[in-house]
Every structure is written in structure tokens, then in C-alpha cells.
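Residue-level listing of the chains:
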Amino acid sequence: MALSLLTPPRALRYVSASLAAALDRALFSPTHAFPPAVLIELSGLAIAQIVAREYPRHTYPCVLVAAGPGNQGADGLAAARHLRTWGWKIAVWGPRLKGDSEQLATQLSHFDVHFLDSDAQAFEDYLEHADVVLDTLFGFSFQGPAREPYAEILRLLSSESRIEFAFRRPRPPIVSVDIPSGWPVDASSSSASASSSSSSSAAASSDGLAPPGCFTPQVLISLSAPKTGVRALVSQPSAALAPPQQPAQQPRAQHAHAQQPLKHYLAGRFIPPALEAELGLALPLYEGTQGWLDVTGWPEMSEEEAKALHAEAKKRQEELEEQGVRDAEMAEMQAEQEDEEAQGADEEEDAKTVKADA
Ligand SMILES: NC(=O)C1=CN([C@@H]2O[C@H](COP(=O)(O)OP(=O)(O)OC[C@H]3O[C@@H](n4cnc5c(N)ncnc54)[C@H](OP(=O)(O)O)[C@@H]3O)[C@@H](O)[C@H]2O)[C@H](O)CC1
């Protein structure tokens, strides 16, 4: 049975930071009973699979994971563990790991993973060795401007044209999760740059889309549903031109970030259908057994289409619930009938025993 109640649209519905947070709260609540660690593992696995798909180990053997202080940092660490077990060399920069992230860091400490010092210099030094950067610094709970030591990392990642890089290898490609770190999560105003505190030293983005001082990733992985803050980024014409199902791999040395169209993936195949309908998420249908979907170039869903899908989902949910009530009534009637039959059989047995005794 398909897990989505909706007709699968090949269009995207964006969610605000507050709706994304409400979805998380609902998933973690006693009603849906997902422990955060489970969702982190599922997200981490999908992220690792996408990194592996886009950046194969033979060409991109070394992944630098930038792990933030929240759940997104934990997603990155879970992905790091998978990539490590699949043979990638992993370095982690994550100065303030707590909760689930602390546990994941302990797990990683037994997998020969290189933990960098917490200062930005350590990150900068390692950047030269890294073939890919996994940006899991901040997700939908980010509120700008970025504070140190993260602000300096965002500056380093946004400076692909810095003179140092001109003499070294180009900056490695970046895979961001949910929102490129530093970008405002909601699309309300691009001028409200999350890292505007660093705008005096900011390089202008090569695509004109990134807020000042922010970088544009090569791959974006939206978890559950894309956030409004990436609307302009994922709907840019170059993204639409990228052929679907074709990884963005190129040898690192020739990696021309500015020209490369963004690859966009959706992951987080764990939303219960009723919750999807309740929040009007209108999610696409995933394929086969994959926990991710290539949604590169998909257009935004129109309001009418979203409303129609929402109404359809509600109707199907009600039908399912009615069916559930009918099934429960039938089951009750059947149980009663079975009880009566059993009682009749007992009485018959007793009668036989009395007769035999007589
Ligand atoms: N439903 C899903 O798909 C799931 C998504 N998941 C991932 O979880 C993140 C959201 O996780 P959350 O812990 O709520 O938030 P963040 O990872 O974005 O980070 C919050 C921490 O960041 C600090 N913060 C916020 N703004 C700044 C700033 N300007 N400078 C420095 N630090 C900042 C914040 O610190 P505070 O002191 O402000 O509280 C937090 O420590 C989502 O994006 C997904 O990646 C889950 O895997 C579950 C399912």
C-alpha cells in the first residue's frame, strides 16, 4: 500500500520554519511517538546515501562534516558514521555537541574518525584536504546572525574566490541539509541575511541568490519538506535544466561550482499519512524502497493544487477512519458471535456430561 494518502504530485510545497518545527513536535509527541534519535538515524542514512550517490568514494574520498549544536548536527554525525562504514575518510568539526550528538560522537570515536579542534583555523586547514563538505551546521531553528565560532566557518565556506583558494584547489563542493547554513529559513526577505554581521567581508554570491556572506551549495537535501528560504534557490532555471537521476559528480579539481546546477533531494520518508494530511504537506510519493527522492527542478505547487490535494487527503483520511470504525464494529460483532458459540458448545458439553453421569 502507498504510504501517502495524496495523489503524488511532481511539484513541491514549501513549509515555513514554524510549520517545520510543528511537524517535529508532532512527530516527537506521545501521539506519534518517534524518539528524536530514530528520526536522526533515518535522516542520517538518507543524507549519507545521497552524498555517496553524488560524490563517489573513488573521486571524493574525504568528507568534512560541519556539525552544528542542534538536531541537524546530529543528522550530520549519523550520516558521517554511515559514510565511514562505507569507506569514506571522515573529519568532523563540531564544537558544541550535546544530547544525541554527544552519543553519536562517542560512536564515531570508535570508527577512526578525525575530530578537528573547535577553532575556525582547524576547519580552514582541513578544508584543503576535504573533497566534499557536509554542511549540517544549522537547520530550521537557525535565527541569524550566526554567532562565533560558526560565523567564521560560514565566512570560510562563502569565500570560494579568496586568493588562498586561487593558489590551492578550488573549494570543495558543499552538500547542505534543509537550508544552506546562514540563509534565513523563511523566505520573507533575502536582505535579512542570517550572517549579515559578516557582510563587510562577504563575497557576493556567484549566482546572485545567496544572501550576502552566504554560500550556495551544490546539493541541497530538504528533510520532510523544502523550507520557504530555499524557494528561489531550487526553482532557479539552471536547477530545472539539470537532468534528473544523474549525479552531479565531477573530479574535484575541475569542479566549477558557479556553473553547476543545484541538485535537490527530498528525504525523511517517515511522515505518518494522517499528519501529512493534517498539516497540508502534500508530499511527493517516494519510489521503491528509497528513503530519498531526486526533486531537482520540480516547480512549486500552485495553491489550487495544494488545496485540492489537501481536501482529497482529508476525504481519504475520513474514509479510512470510517472504514476503521466499521472494521472495529464488525470485529466486535464477530467476537460476540464467537463467544455465544463457545458458550453454546460449553452448555452442550455440560448437558452431555450430566446425561452420561445419569
Ligand atoms: N522532521 C524532520 O524532517 C526532522 C528534522 N531533523 C533535523 O533537525 C533540524 C532542526 O533541529 P533543531 O535542533 O530544532 O535546530 P537546528 O539544528 O537548526 O539548530 C538549533 C541550534 O542552533 C543554535 N543556533 C540557532 N541560531 C544560531 C545562531 N544564529 N548562531 C549560533 N547558534 C545558533 C541554537 O542555539 P540557541 O542558543 O539559539 O538555542 C540551537 O542550539 C532540522 O533542520 C533537521 O535537520 C531531525 O533529524 C528530526 C526530524
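Note: the structure precedes this text.
Now for a description of the structure that goes with this document. (Residues numbered from 1 in each chain as written. Predicted model: local features only at pLDDT ≥ 70, side-chain atom pairs only at ≥ 80, totals over all residues. Heavy atoms only, no water.)

1. What about a negative patch on the surface?
Then, number 1: Residues Glu329, Glu332, Glu336, Glu338, Asp339, Glu340 and Glu341 make up a contiguous surface patch of negative charge.
Then, number 2: Note on placement: Glu336 falls in helix H11 (residues 303-357).
Then, number 3: Residue Glu336 is classed as partly exposed on the basis of its relative accessible area, which comes to 45%. (Patch = residues over 30% accessible without salt bridge, like charges linked within 9 Å, V, L, I, M, F, W, Y side chains within 5 Å. Areas by Shrake-Rupley, 256 points an atom, 1.4 Å probe, with all protein chains shown as cover. Salt bridge = Lys/Arg side-chain N within 4 Å of Asp/Glu carboxyl O. Lys, Arg positive; Asp, Glu negative; His and termini not counted. Charge placed at Lys NZ, Arg CZ, Asp CG, Glu CD. Helix = DSSP H or I, 4+ residues; strand = E, 2+ residues; numbered from the N terminus. Buried < 20%, exposed > 50% of the residue type's maximum accessible area, 1.4 Å probe, protein only.)

2. What about the layout of surface pockets?
Then, number 1: Volume-wise, the largest pocket comes out at about 660 Å³.
Then, number 2: Lining of the largest pocket is provided by 35 residues; of these, Asn71, Gln72, Gly139, Phe140 and Ser141 occupy positions nearest its centre.
Then, number 3: Residue assignment for the lining of the largest pocket shows that the elements contributing at least two residues are helix H1 (17-28), helix H2 (36-54) and helix H3 (71-85).
Then, number 4: Of all the elements, H1 adds the most residues to the lining of the largest pocket, at six residues.
Then, number 5: Of the residues assigned to the lining of the largest pocket, the class counts are 21 nonpolar, eight polar and six charged. (1 Å grid on protein atoms, 1.4 Å probe; cavity = no way out; pocket = protein on both sides within 12 Å on 5 of 7 lines; lining within 4 Å. Points joined across faces, edges and corners; volume = space filled by probe spheres on them. Nonpolar A, V, L, I, M, F, W, Y, C, P; charged D, E, K, R; others polar.)

3. Observations regarding H11
Then, number 1: The first and last C-alpha atoms of H11 sit 80 Å apart over 55 residues, in line with the 81 Å expected at 1.5 Å per residue.
Then, number 2: In this structure, the buried side of H11 is in contact with helix H10 (273-278). (Expected span 1.5 Å × (residues − 1). Contact = heavy atoms within 4.5 Å.)

4. Considerations on the sheet that holds strand S1 (residues 62-67)
Then, number 1: With mixed pairing, the eight strands of this open sheet are ordered in space as S3-S2-S1-S4-S5-S6-S7-S8. The open sheet is flanked by strand S3 (114-115) and strand S8 (292-294), the only strands paired with a single partner.
Then, number 2: Pairing of S1 with strand S2 (residues 89-93) involves five bridges; the strand directions are parallel. Bridging from a neighbouring strand, Ala66 pairs with Trp93 of S2. (Pairing = 2+ DSSP bridges.)

5. Quick look at the nonpolar core
Then, number 1: Ranked by size, the top nonpolar core spans 56 residues in total, and within it Leu64, Phe123, Leu137, Ile153, Leu157 and Ile271 carry the most contacts.
Then, number 2: Going through the elements one at a time, H1, S1, S2, helix H5 (120-127), helix H6 (150-157) and helix H8 (231-234) are the ones with two or more residues in this core.
Then, number 3: Ile153 has contacts with Trp93, Ala120, Phe123 and Leu137, leaving out every residue within four places of it along the chain.
Then, number 4: The next biggest cluster of nonpolar side chains, apart from the first, holds 35 residues, and it includes Ala48, Val51, Ala80 and Leu223. (Core = buried A, V, L, I, M, F, W, Y, C linked by side-chain atoms within 4.5 Å.)

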